[in-house]
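What follows is the residue order along each chain.
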Amino acid sequence: IRTSRFSLLGFILIAPVVHLWYGFLMRTIPGTSLKRVLQRTFLDQACFAPIFAPTFMTSLMILEQNNKTVGEIVDVVKRDAGDVIMTNWALWIPAMLVNFRYVPGKWQVLFSNGVGFIWNVYLSWKTQEN
């Protein structure tokens, strides 16, 4: 059942948002020079990740319907968001540098989905911690 929740979130939240975000990044900061790659990675990780990670965590906890109140969900996100963002940066900064520098634009979301599998295993564990 947990897999179906992650699949649902991937279909209705992650895929459309990431597709639009990458399109925005590529239009706003085109090119594969090191400078452009660093700019896109910075924007992705400084602006997008700190908003999207807690959004995903909240969405997952709501779908789990584990009798948590809104206040309890907020408390979990506040408690875990720092760890999640730090782990996000450890995984996604190197991945995005490779993605933006070497992966053709039409395959970047697919590459991210591969890295995202690893990320989802971590998030699944993190959101189940007591």
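In this text, all values refer to a predicted model and were calculated from it rather than measured experimentally. (Residues numbered from 1 in each chain as written. Predicted model: local features only at pLDDT ≥ 70, side-chain atom pairs only at ≥ 80, totals over all residues. Heavy atoms only, no water.)

A. Expanded view of the overall build of the protein. Each helix and strand in the protein was counted, giving four helices and zero strands. Going residue by residue from the N terminus, the α and β elements of the protein occur as α-α-α-α. Expressed along its principal axes, the backbone C-alpha trace of the protein runs to roughly 50 × 25 × 20 Å. The burial tally for the protein puts 38% of its 130 residues in the buried class. In the protein, once contacts between residues fewer than 6 apart in sequence are set aside, the share between residues at least 24 apart is 69%. Total accessible area computed for the protein in this model is approximately 7,600 Å², and 69% of it derives from carbon and sulfur atoms. (Helix = DSSP H or I, 4+ residues; strand = E, 2+ residues; numbered from the N terminus. Buried < 20%, exposed > 50% of the residue type's maximum accessible area, 1.4 Å probe, protein only. Contact = heavy atoms within 4.5 Å. Areas by Shrake-Rupley, 256 points an atom, 1.4 Å probe, with all protein chains shown as cover.)

B. The arrangement of the environment of Ile-14 in detail. Mapping Ile-14 onto the fold places it in helix 1 (residues 2-28). The sequence separation of Ile-14 and Val-76 amounts to 62 residues, and the corresponding C-alpha distance is 21 Å. Once residues within four sequence positions are removed from consideration, Ile-14 is found in contact with Leu-9, His-19, Phe-52 and Phe-56.

C. Summary view of the pattern of salt bridges. The final tally for this structure, using the stated rule, is one salt bridge. Two residues, Asp-80 and Arg-79, come together in a salt bridge whose shortest N-O distance is 2.8 Å. (Salt bridge = Lys/Arg side-chain N within 4 Å of Asp/Glu carboxyl O.)

D. Fine view of the nonpolar core. Grouped together as the largest cluster of nonpolar side chains are 30 residues, with contacts concentrated most on Tyr-22, Phe-56, Val-84 and Leu-123. At the level of secondary structure, the elements contributing two or more residues to this core comprise helix 1, helix 2 (34-64), helix 3 (70-102) and helix 4 (108-128). The biggest single contributor to this core is helix 3, with 10 residues. In this structure, Phe-56 is in contact with Phe-6, Leu-9, Leu-13, Ile-14, Asn-120 and Leu-123, ignoring residues within four places of it in sequence. (Core = buried A, V, L, I, M, F, W, Y, C linked by side-chain atoms within 4.5 Å.)

E. Here's a closer look at the environment of Leu-91. Relative to the helices and strands, Leu-91 resides in helix 3. Since its relative accessible area comes to 24%, Leu-91 is described here as partly exposed. Taking C-alpha positions, Leu-91 is 8.3 Å from Val-115, a pair spaced 24 residues apart along the chain. For Leu-91, the contacting residues outside a window of four places in its chain are Val-115, Ile-118 and Trp-119.

F. View of helix 4. Taking 1.5 Å of rise per residue, the 21 residues of helix 4 would be expected to cover 30 Å, and the 29 Å separating its terminal C-alpha atoms lies within 8% of that figure. Every buried residue of helix 4 is listed here: Gln-108, Ser-112, Val-115, Gly-116, Trp-119, Tyr-122, Leu-123, Ser-124, Lys-126 and Thr-127. In this structure, the buried residues of helix 4 make contact with helix 1, helix 2 and helix 3. (Expected span 1.5 Å × (residues − 1).)

G. Representation of the packing of helix 2 against helix 3. Between helix 2 and helix 3, the least distance of the axes is 8 Å, while the angle of their chain directions is 145°. As for how helix 2 packs across helix 3, the hand of that crossing is right-handed. Its residues assigned to classes, the contact of helix 2 with helix 3 comprises 22 nonpolar, four polar and four charged. (Axes fitted to C-alpha atoms, helices over the stretch in contact; angles between N-to-C directions. Left-handed = near helix turned anticlockwise from the far one by under 90°. Nonpolar A, V, L, I, M, F, W, Y, C, P; charged D, E, K, R; others polar.)

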